[in-house]
Amino acid sequence: MALTMTRTRTQTALTRLAQRVALVHGELSYLEARLAEEPAGGLLERFACRRGELLVQREALYLTIRQFDPELDPTAIGEEARWIAPWGKGARAARRYETWLSEPA
Amino acid sequence: MPAMRTRTPPDLKWVLNELAAVNGELARVEQALGRFQARREHLAKTQAALQRVATELAGAAGASFASFDLSVNTHERWTGRGKLRNCLRQALKDAYPAGLSTSVLTDHVASVFGIELPNAAERKRLMDNSVRSALTSMRRRGEVEPLHDFKGMASRSGIWRLYRAETSLDELRAKAARERG
């Protein structure tokens, strides 16, 4: 890949960045709902830890989008439910995701 | 009786003048340093964010950017110094004796440099910040001349033409003589 000097911004690049934000929003929303239920065991701590990571990631994506165009408001981007797709579908996917979170890194 | 005039000794006056000048310049430097410091902080923050997002995207795409020289002098956005002006010069030369509008020249520049303009605001930014600035600077150097006169005009679309000094009759005769002989 050659780096370009023109810093050309394309719609595709913006769309993909916005999709990433939507995925992070989706996962954050799920975690916040689960945290509100106050899960037992070490889950609470792991959810909170993952939430912290996602907040940092979200901030980095927000800054990236503002670098793309300072007039854009990334906080207005909605949530994407497909964030859970790597773990499958439905309730089983949620269980797999939570097991993945419980596993030591 | 006229009021008593006091006279500042010339050496004191000179020193005070110098002190005022140095104070003024120092204040300007401090102000600039403050701006640079703020800019530095903003750039460092943006750099960290872009680095994080790039690592994440590269991981998702199975790519690595470790071997790239990730430092580009962004002033050379036209692939080299003078490339934008050369492009404008050539377009105006091709159109001569007719002129071209700033808008047409903007589209030409975008197509030559492969710049995608996703929206009207982006196009306006290219036209205002790059194309028109280059044309204005070329005008100052006597390379192009504006054919527009905005006095009493509703439209603000400028027309530019390559500047060529009018040829005198003597020059035409000399040219004809050269061609004959």
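Everything that follows concerns the structure shown earlier in this document.
As the structure is a prediction and not an experimental result, all values here were calculated from the model.

Draft legend 1. Representation of helix 5 (residues 169–180) of chain B. Under the 1.5 Å per step criterion, the end-to-end length of helix 5 of chain B is 16 Å for twelve residues, consistent within 8% with the ideal 16 Å. The element helix 5 of chain B is largely exposed, with a buried count of zero among its twelve residues.

Draft legend 2. Structural context of the packing of aromatic side chains. The tally for this structure, following the rule as stated, stands at six aromatic pairs over all chains. Taken together, a centroid distance of 5.1 Å and an interplanar angle of 50° make the contact between Trp 87 of chain A and Trp 100 of chain A tilted. Taken together, the residues Trp 87 of chain A in the loop between helix 2 (43–68) and helix 3 (90–102) and Trp 100 of chain A in helix 3 connect sequence positions 13 residues apart. For Trp 87 of chain A, a relative accessible area of 18% translates into the label buried. An aromatic cluster is present here, built from Tyr 30, Trp 83, Trp 87, Tyr 97 and Trp 100 of chain A joined pairwise through their rings. Looking at Arg 164 of chain B, its charged tip hangs above the ring of Tyr 96 of chain B, at a distance of 4.2 Å from the centre.

Draft legend 3. Region of the structure containing the pattern of salt bridges. All names here are of chain A. One pass over the structure, following the stated rule, counts 15 salt bridges over all chains. Where Glu 37 meets Arg 34, a salt bridge forms, and the shortest distance between an N and an O atom there is 2.6 Å. The shortest N-O distance in the salt bridge between Glu 53 and Arg 50 comes to 3.0 Å. In this pair, Glu 53 and Arg 50 both sit in helix 2, three residues apart, roughly one turn of the helix. Classification of Glu 53 as partly exposed rests on a relative accessible area of 40%. You can call Arg 50 buried: its relative accessible area is 15%. Overlapping salt bridges bring together Glu 27, Arg 50 and Glu 53 as one network.

Draft legend 4. View of the side chain of Thr 64 of chain A. For Thr 64 of chain A, the position within the fold is in helix 2. Residues within four places of Thr 64 of chain A in sequence aside, it is in contact with Leu 17 of chain A together with Ala 49, Leu 50 and Val 53 of chain B.

Draft legend 5. The arrangement of the packing of helix 1 (residues 11–36) of chain A against helix 2 of chain A in detail. Residue and element names in this part refer to chain A. One can describe the packing of helix 1 onto helix 2 by two numbers: an axis separation of 9 Å at closest approach and a directional angle of 155°. It follows that helix 1 is roughly antiparallel to helix 2 by the angle criterion. Once helix 1 is placed against helix 2, the crossing between them reads as left-handed. Considering only residue class, the contact of helix 1 with helix 2 consists of 19 nonpolar, three polar and seven charged.

Draft legend 6. Looking closely at the sheet that holds strand 3 (residues 159–162) of chain B. All names here are of chain B. With respect to topology, three strands assemble into an open sheet ordered 1-3-2, the strand pairing being antiparallel. A single partner strand is all that each edge strand has here, and the edge strands are strand 1 (100–101) and strand 2 (144–146). By the bridge criterion, three bridges tie strand 2 to strand 3 in an arrangement that is antiparallel. Directly across from Pro 146, in strand 3, lies its bridge partner Trp 160. Strand contacts of helix 4 (residues 120–140): strand 2 and strand 3, with the helix running at about 105° to strand 2, the strand carrying the most contacts.

Draft legend 7. Broad picture of the packing of helix 1 of chain A against helix 3 of chain A. Residue and element names in this part refer to chain A. Running from amino to carboxyl end, helix 1 crosses helix 3 at an angle of 80°, the nearest separation of the two axes being 13 Å. In this view, helix 1 runs roughly perpendicular relative to helix 3, as classed from their interaxial angle. Residues Glu 27, Tyr 30, Leu 31 and Arg 34 of helix 1 touch helix 3, and the partners they reach there are Ala 94, Tyr 97, Glu 98 and Leu 101. Of the residues that constitute the contact of helix 1 with helix 3, the class distribution is five nonpolar, no polar and three charged.

Cut-offs and rules
Residues numbered from 1 in each chain as written. Chains lettered and ligands numbered in written order. Predicted model: local features only at pLDDT ≥ 70, side-chain atom pairs only at ≥ 80, totals over all residues. Heavy atoms only, no water. Helix = DSSP H or I, 4+ residues; strand = E, 2+ residues; numbered from the N terminus. Expected span 1.5 Å × (residues − 1). Buried < 20%, exposed > 50% of the residue type's maximum accessible area, 1.4 Å probe, protein only. Phe/Tyr/Trp six-rings, centres within 6.5 Å; stacked < 30°, edge-to-face > 60°. Lys NZ or Arg CZ within 6 Å of the ring centre and 35° of its normal. Salt bridge = Lys/Arg side-chain N within 4 Å of Asp/Glu carboxyl O. Contact = heavy atoms within 4.5 Å. Axes fitted to C-alpha atoms, helices over the stretch in contact; angles between N-to-C directions. Parallel < 35°, antiparallel > 145°, perpendicular 65-115°, else oblique. Left-handed = near helix turned anticlockwise from the far one by under 90°. Nonpolar A, V, L, I, M, F, W, Y, C, P; charged D, E, K, R; others polar. Pairing = 2+ DSSP bridges.

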